[in-house]
Structures are given as structure tokens and as C-alpha cells.
Amino acid sequence: MTHYSLFATCPRGLESVLQQELLALGCGQIKPTDGGAACKGALEQVYRINLHSRTAGRVLLQLAEGGYRSEADIYTLARNIRWSSWFGLEHTFKVKVEGRHARVKSLDFTALKIKDALCDAFRDALGSRPSVSKTRPDVRIHAFIGGQTAQIFIDTSGEALFKRGYRQDTGEAPLRENLAAGLLQLAGYNGTQPFQDPFCGSGTLAIEAAWIALRRAPGLMRRFGFEKLANFDAALWQSLRSEAERQILPQTPAPIAGSDNDRRIIGTAQANAEAAGAGSLIRWSVQEAQSARPNGANGIMVSNPPYGVRLAEVQALHALYPQLGTWLKQHYAGWRAGMFTADRDMPKLMRLSPKRKIPLFNGNLDCRLFLLDMVAGSNR
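The protein has the name THUMP domain-containing protein in an unreviewed UniProt entry, where Neisseria musculi is given as its organism.

So this is what it looks like as C-alpha cells:
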């Protein structure tokens, strides 16, 4: 059985959660690093991570690694890969290069050299070359250029894994699905506790909570890049999918609720939940956050409250925070509240001291997950 060197990407700050997932999915030699984790695994692990990981962004399979002094060395590294044993002439491809302390003229030029090497290798082997597709390639090639070494990977995921397939609106989601799932896990949510999001927006946190509670694999609604590769094992993939479908519970063990003060966005949340097969499992309501009340004892609240950009918005939010602090203390004793925000002053203004402050990135936005354990009588 072939074991591959893999690299799973994730939102920065979720590396520890990803590490736990990879361990549970049978991967070995797991080494977390900034923005992901390297590990070893067979084809089964490649499929399992794509299907089951809630926090991974992509699962990359390493084809080559080597030192370099110039772009010519990177060309040679790519030229020596047996590309035609991975995919065929009928498939389109795209090369993406990222670098940190890379000693090359430009990353774009390096991507061009890798593309040339791939095409030359195909011409030598098969007398012809596959075409490039910038928008919807069948096969994605990723390269990472460091200060001393270059690594070349084939992407087994295709579209990024946060695209679960349930999002109905094409509007810009403020919170990606894999980041939402990671926040829930960092807050200690495992599906057995009541859950609430009083600033639910388009519903991502509540829907991801429902999928955790149902033990539903996040990849069941979508296709993957590995399905187009030459080593695709259809029987193995079908058996893993069937196993995942059998694990789904008929009902969430505890109630899940989402609310927002915008009627239109609650409509979007409901449509997303329907598409995710969780329509009847989440209770949605249109209301101000402070009107929300617990839907059970000792629950978990995870929320991404609005974040002000303009000064007037920031001032309005800073006036709201003390009220939110009072509301939590009055009504949510025994609950854990996780507030995910780019506003460092939030807990201070809520007059609450967080149990933990976890640094995370929402895209390029430097954020914190503030975890607050609400204690009975803490409003005296």
C-alpha cells in the first residue's frame, strides 16, 4: 500500500483542531505548521480527510521536493515527475505557486516554468500536451517555494473544502464554513449541548453545528479533484461514502437555534439550512440579540457579532457591548459563550473576562475567539 506525503491546509489558528481531525482519520507523522499540517497517509486517508475534515481547506499530495538555486532547478524538479501517470491529455490543468522567502525572480514566472516542465514531460511521454484552464481546471497543481527547497503537489480536493455545497446565496459569506466548524470545536461544541447563535447572519455557524450534532460528514454533497485522477479507486470511495451516510443520526441530540434582526438574512439562513438537509432541525427567529433566551441548560453559544469598519459603526457597537454583557450575565448562567471578532476591546467593554483568547484569522483579518464561561450570579 502506497503511503503519500500529504499537506492539509486550514485557516490560520485552527492548526490544533486540524491535527486532532487528522489523527482521528488515521494519518501518521502529523506536523502542524502555520496554516495547515503535513502528514502521511494512504489513498484511504486522502479520501477520508476530504470527506470528513471540518476544518481543512485543501488536501495536497506531494509529488516532488528538492533544493533549488534558480528557476531552472525548479523546472528540472517538475520535469522529472511522471505527470502522465497522474492524469490524461483530456484533462485541463492550472498551476499555482506560493512562496515564503522564495529566492526566485517572480512566483508567476516560476509557475510558467512548472507549466512548461509539465507540458514537456507529457510531450515526451505521449507526443502531446494537455490544455491550461484558468477558471475551472480538472487538475490543480500547487507549488510552495521556500528559502532552500521547492515542493510540488497535486490537489486532491478540487474546489476548496469550505464549499460544502449548501450555500444558496452567492453573496460574500463573512464566515467560511471550515472556519465556522473550527470555532465550534474550539468552543468545545460536540453536538450534545444546546446551541445558539444570536447574530446568525446567513446561518453558517448553526448549520455547521447541526452537521456536527448529526455526525454528518461535510463532504457528502460535493465532488472532489481526486475523482479525476488516474489512481482514483471508485470502489474504496463508494464504501467510504456509504459508511459516512450510515453514521448520520436522524435528529440532533439537543436543540439548535439561530436569530438575527434582519428578516431578509434569516430567509437566506433558512434556504441554506434546507439545502443542507437541516431545515427542520434549526429554530430560526427574527429578533435583536438581547431578546434571545437559552434553549436549554449548560449550552454553547458561538457568534460572529457585526464588526464596525467606519467610526460611527464602531461607536454604535461599543455602546451595545455593555448591554450584551449584562444580557449574558442575566440569562446565560451555566453557558459557554464564544465571541469571534476583530475588535480586541469587546470583552473589556462587555465587562467580562474571557477564560481564553484564541488568535485566528478570518481571511486576512486578525481576529480573536473570546471564550466566556458564564457563572451564575456574576452580575452582582
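Back to the write-up after that little detour.
Trainee: How should the pattern of salt bridges be read in this particular structure?
Mentor: One pass over the full model with this rule turns up 20 salt bridges. Across the pair Arg100 and Asp34 runs a salt bridge, and its minimum N-O distance is 3.7 Å. With a gap of 66 residues between them, Arg100 in the loop between strand S5 (93-99) and helix H4 (107-126) and Asp34 in the loop between strand S2 (28-33) and strand S3 (36-41) connect regions that are remote in the sequence. Across the salt bridge formed by Lys228 and Asp138, the nearest N and O atoms sit 3.5 Å from each other. Within this pair, whereas Lys228 is found in the loop between helix H6 (204-213) and helix H7 (234-246), its partner Asp138 is found in the loop between H4 and strand S6 (139-145), the two being separated by 90 residues in sequence. Here Lys228 falls in the partly exposed class, since its relative accessible area comes to 40%. Salt bridges linked by common partners bring Arg12, Asp34 and Arg100 together as one network.

Trainee: Explain the pairing of strand S12 (residues 336-341) here, please?
Mentor: Two faces belong to every sheet, and in a regular strand the side chains alternate between them. The buried count for S12 comes to five of six residues, which makes it a mostly enclosed element. Pairing between strand S11 (residues 300-303) and S12: four bridges, direction parallel. Each bridged residue has a counterpart across the sheet, and for Ile300 the counterpart in S12 is Arg336. On the question of chirality, the crossover connecting S11 to the parallel S12 by way of helix H9 (residues 311-331) is right-handed. As defined by bridge partners, S12 adjoins strand S14 (residues 365-373) across six bridges and the pair is classed as antiparallel. The residue of S14 that forms the bridge with Ala337 is Leu372.

Trainee: Just to check I follow, could you spell out the environment of Leu77 for this structure?
Mentor: Topologically, Leu77 is positioned in helix H3 (residues 71-79). Not counting residues up to four positions away in its chain, the partners in contact with Leu77 are Ala64, Glu65, Gly66, Ala150 and Ile152.

Rules used in this analysis
- Residues numbered from 1 in each chain as written.
- Predicted model: local features only at pLDDT ≥ 70, side-chain atom pairs only at ≥ 80, totals over all residues.
- Heavy atoms only, no water.
- Salt bridge = Lys/Arg side-chain N within 4 Å of Asp/Glu carboxyl O.
- Helix = DSSP H or I, 4+ residues; strand = E, 2+ residues; numbered from the N terminus.
- Buried < 20%, exposed > 50% of the residue type's maximum accessible area, 1.4 Å probe, protein only.
- Pairing = 2+ DSSP bridges.
- Right-handed = clockwise from strand over helix to strand, strands pointing away.
- Contact = heavy atoms within 4.5 Å.

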